[in-house]
Amino acid sequence: MEINHDEYRNPLISRYASHEMSHIWSEQRKFSTWRRLWVALAEAEAEMGLPITKAQLDELRAHVDDIDFTKADAYERKLRHDVMAHVHTYGDACPNARGIIHWGATSCYVTDNTDVILIRDSLNLVLARLLAVLRDLGEAARRYKDLPCLAFTHLQPAQPTTLGKRICLWMYDLILDLEDLEHRIALLRTRGLKGTTGTQASFYALFEGDDAKVRQLERRVDQKMGFDASFAVTGQTYPRKLDSQVLDVLSGLAQSAHKMATDLRILAHRKEVEEPFEKNQIGSSAMAYKRNPMRSERICSLARFVMSLQTSPPMTAAVQWFERTLDDSANRRLVLPQAFLAMDAMLILYRNVVDGMAVYPKVIEKNLRAELPFMATENLMMAAVAAGGDRQEIHEHIRQHSQAASAVVKQQGGDNDLMERLAGDPMFAGVDLHAALEPSRYVGRAPQQVEEFLAETVQPFLDKYADVSANAGEVTC
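Residues numbered from 1 in each chain as written. Predicted model: local features only at pLDDT ≥ 70, side-chain atom pairs only at ≥ 80, totals over all residues. Heavy atoms only, no water.

Colleague: What should I look at first to understand the overall build of the protein chain in this one?
Modeller: Helix and strand counts for the protein chain come out as 20 helices and 4 strands. Rg of the C-alpha trace for the protein chain: 31 Å, well past the compact-globule value of 23 Å for 477 residues, more than 25% over. Each of the three principal axes of the protein chain carries a C-alpha extent, and together these read 105 × 55 × 40 Å. The 477 residues of the protein chain split such that 50% are buried. Taking all contacts inside the protein chain whose residues are at least 6 apart in sequence as the whole, residues at least 24 apart take part in 79%. Summed over all atoms, the accessible surface of the protein chain reaches about 23,800 Å², with 51% contributed by carbon and sulfur. (Helix = DSSP H or I, 4+ residues; strand = E, 2+ residues; numbered from the N terminus. Rg over C-alpha atoms; globule rule 2.2 N^0.38 Å. Buried < 20%, exposed > 50% of the residue type's maximum accessible area, 1.4 Å probe, protein only. Contact = heavy atoms within 4.5 Å. Areas by Shrake-Rupley, 256 points an atom, 1.4 Å probe, with all protein chains shown as cover.)

Structure (C-alpha cells):
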C-alpha cells in the first residue's frame, strides 16, 4: 500500500495497534457490516411474509463485501448523508433489490447496530489479549514466588515481600478488570429495530399494527447478528450510557497497565528488574550505555491517553436531549476506535514486557540486605530477651545503634553497619545475628499467598477461557 507522506497518519494505526484491531474498525468492516444488517433485515422481513424474493436476497448476499468506496464518497458529497450514500451504492450493485434495501429502517439501524457489533468484537479481542497477559504473569509469579525483595510503602523501604507476590498485585488488578470486562460483554445487546424515535412506528405500519410480528421481526434480526436481545427501549440511538460503560472498562485496564509499567520503571531504576532489550536496540542517541524502559514508558503514555478518552462518553451521554442529538457523532467516531486501538497496543506491549522481563536476583538481594538490619531489629530484640536480657534496656541499645548506623548511611554515605555495632555489644552476645538476617524469615506467607492466589483466583478464569487465544502481536519501534 502506497503511503502519502503529505498527510497526517494516526500512529495508533501506523505504529502501535495490531492488524486485527485495526481491521475491526476499518471502513471495509464497518460498511460491509451495514450491508450484513440490511441482508438480515430483508431476510427476516421475507420470513415474516413481506414481498421480498429469493432472487433479491441472493443479489444482496452476493454484494456484501464488494463496496465501491469511490462511488459511495461521490454520493455522500451529493446527498450529505452517509447512510443514504451507501444505500444508493448498494442499490447500484443490486438493482433488482434496490427497492427493498433499508425497508422500514432508520439510519441508526445500521450505524448503531454496527457499533455494537464492533464493540463486541473489540471487547472479545481485548479479552483474549488480557488472558494472554495473565497466563504469562502467572508463570512469572510462580517462578519468583520465593525470591525475597524489598517492599515499599510510601515509596520508602518497608517489610520484605517476594517478587512473585508483587507480580500477583499486578495480576489482581487485571483480574478485577477481567470481571468488569466479562460483565460488560454479557450485557451487550443491539439497538434492535426501534425506528426513528424508538417507537417502531415504521415496522408497526409495515405489519398493519400487529405487535407480535414487530417483536418477532426484531428477535429474528438480533439472532441473525449473533445477539440474544436488544435494548428494551431506546430513542433514536442506543443509550449512549453504553459507550460510557465500555470506556470505564478500558480506562480501568489502562490504570492497571500504567501501575505495572510504573513499578517496572522504578525497578529498572534500582537495577532489579528490566524489560526486554534487543541486541541492536539503542537506548539513547547520545548516551550509548543506556537501557531505557521505553516499552513500559509507552504503556504509561498509551494508558494516559485511554484514561483521558474516558471523559468524553459520559459527557456525551449527559447531553443527549430527549430522543437524541447529533453532537455525539464526531466524538464517538474518534473515541471508540482510538480507545480500543490504544488498549490493543497496550496489552501487546504488556505481554511483551512480561515475556522478556529480566530479573537480577543478586541486585535484589543486595538492595534488600542494605535495609534488612533495620527491619530485623524487632526479631533481634525478642531473641535477646529470650536469651535473658531486659526488654527495655535492649530496646534502648537498639535505638541508639540504629540511629548511629542511619547517620553513617545518610550523612556519610557509608554502608549500613548496624549488625557490626550489635555484634560488638555484649547485650547481644547470645543472639545468632547471622540467622536473623535470612531474608526468607521476613516475607511472611508471601510464597503461599502466590500459590493460593494462582490456584483459587486466577486458574478458574484460565480454565474457563482455555480455548481463547490471542496472537502475540508485534511490538514496533
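Colleague: Is there a simple way to think about helix 3 (residues 27–47) in this case?
Modeller: The periodicity of an α-helix, 3.6 residues per turn, causes residues three or four positions apart to be oriented the same way. Along its 21 residues, helix 3 runs 30 Å from first to last C-alpha, staying within 8% of the 30 Å computed at 1.5 Å per residue. Taken across its 21 residues, helix 3 has 15 buried, putting it largely inside the fold. (Expected span 1.5 Å × (residues − 1).)

Colleague: Could you clarify how one ought to interpret the pattern of salt bridges in this entry?
Modeller: For side chains bearing opposite charge, pairing can occur when the charged atoms are close. In the structure shown here, the tally under the stated rule is 32 salt bridges. Note that Asp65 and Arg36 form a salt bridge whose closest N and O atoms lie 3.1 Å from each other. Here Asp65, found in the loop between helix 4 (54–62) and helix 5 (69–79), pairs with Arg36, found in helix 3; they are 29 residues apart in sequence, far enough to count as distant. A salt bridge links Arg220 to Glu47, with the nearest nitrogen and oxygen atoms 2.7 Å apart. Here Arg220 is found in helix 10 (residues 211–224), whereas its partner Glu47 is found in helix 3, with 173 residues between them in sequence. Of the residues examined, Arg220 reaches a relative accessible area of 25% and is grouped as partly exposed. Members of the salt-bridge network, linked through shared partners, are Glu43, Glu47, Lys54, Asp58, Arg61, Arg220 and Lys224. (Salt bridge = Lys/Arg side-chain N within 4 Å of Asp/Glu carboxyl O.)

Colleague: Would you mind showing me how to read the environment of Ala229 here?
Modeller: Relative to the helices and strands, Ala229 is located in the loop between helix 10 and helix 11 (241–269). On the accessibility criterion, Ala229 (37% relative accessible area) is partly exposed. Expressed as a C-alpha distance, the spacing of Ala229 and Gly424, which sit 195 residues apart in the sequence, is 77 Å.

Colleague: Any chance you could explain helix 11 here in plain terms?
Modeller: Taking 1.5 Å per residue as the helical rise, helix 11 with its 29 residues ought to reach 42 Å, and the 42 Å between its terminal C-alpha atoms agrees with that figure. One or two steps after helix 11, the chain reaches Lys271, where phi turns positive at roughly 65°.

Colleague: I tried to follow the side chain of Asp243 on my own but got confused; where do I start?
Modeller: With respect to the helices, strands and loops of the structure, Asp243 is situated in helix 11. Not counting chain neighbours up to four residues away, the residues in contact with Asp243 comprise Ile119, Tyr238, Pro313, Arg332 and Leu336.

Colleague: Any chance you could explain a nonpolar patch on the surface here in plain terms?
Modeller: Together, Val319, Trp321 and Phe322 make up a nonpolar patch on the protein surface, roughly 420 Å² of accessible area in all. With respect to the secondary-structure elements, Val319 resides in the loop between helix 13 (312–318) and helix 14 (329–355). (Patch = residues over 30% accessible without salt bridge, like charges linked within 9 Å, V, L, I, M, F, W, Y side chains within 5 Å.)

Colleague: Any chance you could explain the nonpolar core here in plain terms?
Modeller: Generally speaking, nonpolar side chains in soluble globular proteins are found buried as a group. Core analysis: the biggest nonpolar cluster contains 112 residues, and Tyr109, Ile167 and Tyr350 have the highest contact counts within it. No other element matches helix 7 (residues 107–143), which puts 17 residues into this core. If we ignore the near neighbours within four places in the chain, the residues touching Tyr109 are Leu37, Trp38, Ala40, Leu41, Arg191, Gly192, Leu193 and Val221. One finds Leu372, Met381, Ile394 and Leu422 within the second-largest nonpolar core, a separate group that totals 19 residues. (Core = buried A, V, L, I, M, F, W, Y, C linked by side-chain atoms within 4.5 Å.)

Colleague: Sorry if this is basic, but what is going on with the pairing of strand 1 (residues 148–153) here?
Modeller: Each regular strand shows side chains that alternate between the opposite faces of the sheet. Pairing geometry for strand 1 and strand 2 (residues 156–162), over 5 bridges, is antiparallel. The residue of strand 2 that forms the bridge with Cys149 is Thr161. Connecting strand 1 to the next strand, strand 2, in antiparallel fashion are 2 residues, including His154 with a positive phi near 60°. (Pairing = 2+ DSSP bridges.)

Colleague: What is the right way to look at the layout of surface pockets in this model?
Modeller: Rolled over the atoms, a probe with the dimensions of a water molecule shows which regions are left empty. Of the volumes computed, that of the largest pocket is approximately 1,100 Å³. Mapped onto the lining of the largest pocket, the elements with two or more residues apiece are helix 3, helix 5, helix 6 (82–93), helix 7 and helix 14. The residue inventory of the lining of the largest pocket, partitioned by class, reads 13 nonpolar, 11 polar and 12 charged. (1 Å grid on protein atoms, 1.4 Å probe; cavity = no way out; pocket = protein on both sides within 12 Å on 5 of 7 lines; lining within 4 Å. Points joined across faces, edges and corners; volume = space filled by probe spheres on them. Nonpolar A, V, L, I, M, F, W, Y, C, P; charged D, E, K, R; others polar.)

Colleague: Just to check I follow, could you spell out the confidence of the model for the protein chain for this structure?
Modeller: Parts of the prediction with low pLDDT should not have their coordinates interpreted in detail. Taken over all residues, the pLDDT of the protein chain has a mean of 92, while the share at 70 or more is 95%. Within the model, pLDDT remains below 50 along residues 284–290, and this stretch shows 4 contacts once partners closer than five positions in the same chain are excluded. (pLDDT = per-residue confidence, 0-100.)

Colleague: So what exactly am I meant to see when it comes to the packing of aromatic side chains here?
Modeller: For any two aromatic rings, the description comes down to two numbers: the centre-to-centre distance and the angle of the planes. Per the stated rule, a full pass over the model turns up 7 aromatic pairs. By the ring-pair criterion, three or more aromatic residues cluster together here, those being Phe31, Trp34, Trp38, Phe69 and Tyr90. Directly above the aromatic system of Tyr238 lies the positively charged group of Arg240, at a separation of 4.7 Å from the ring centroid. (Phe/Tyr/Trp six-rings, centres within 6.5 Å; stacked < 30°, edge-to-face > 60°. Lys NZ or Arg CZ within 6 Å of the ring centre and 35° of its normal.)

Colleague: For this particular structure, what's the right way to read the environment of Gln338?
Modeller: Within the fold, Gln338 resides in helix 14. Separated by 326 residues in sequence, Gln338 and Leu12 have C-alpha atoms that sit 7.3 Å apart. Those residues in contact with Gln338 that lie beyond four places of it in its chain are Asn10, Leu12, Phe305 and Leu309.

Colleague: Is there a simple way to think about the environment of Leu174 in this case?
Modeller: Mapping Leu174 onto the fold places it in helix 8 (residues 163–186). Residue Leu174 is classed as buried on the basis of its relative accessible area, which comes to 0%. Expressed as a C-alpha distance, the spacing of Leu174 and Val133, which sit 41 residues apart in the sequence, is 9.0 Å.

Colleague: When you look at the packing of helix 7 against helix 8 in this model, what are you seeing that I'm missing?
Modeller: Any two packed helices are characterised by the angle at which their axes cross and by the distance between the axes. Interaxial distance between helix 7 and helix 8 falls to 10 Å at its minimum, and their mutual angle equals 160°. One way to sum up the angle between helix 7 and helix 8 is to call them roughly antiparallel. The hand of the helix 7/helix 8 crossing is left-handed. Note on element contacts: helix 8 touches helix 7 through Gly164, Ile167, Cys168, Trp170, Met171, Leu174, Ile175, Leu178, Leu181, Arg184 and Ile185, opposite Leu123, Asn124, Val126, Leu127, Leu130, Leu131, Val133, Leu134, Leu137, Gly138, Ala140 and Ala141. Its residues assigned to classes, the contact of helix 7 with helix 8 shows 19 nonpolar, 3 polar and 1 charged. (Axes fitted to C-alpha atoms, helices over the stretch in contact; angles between N-to-C directions. Parallel < 35°, antiparallel > 145°, perpendicular 65-115°, else oblique. Left-handed = near helix turned anticlockwise from the far one by under 90°.)

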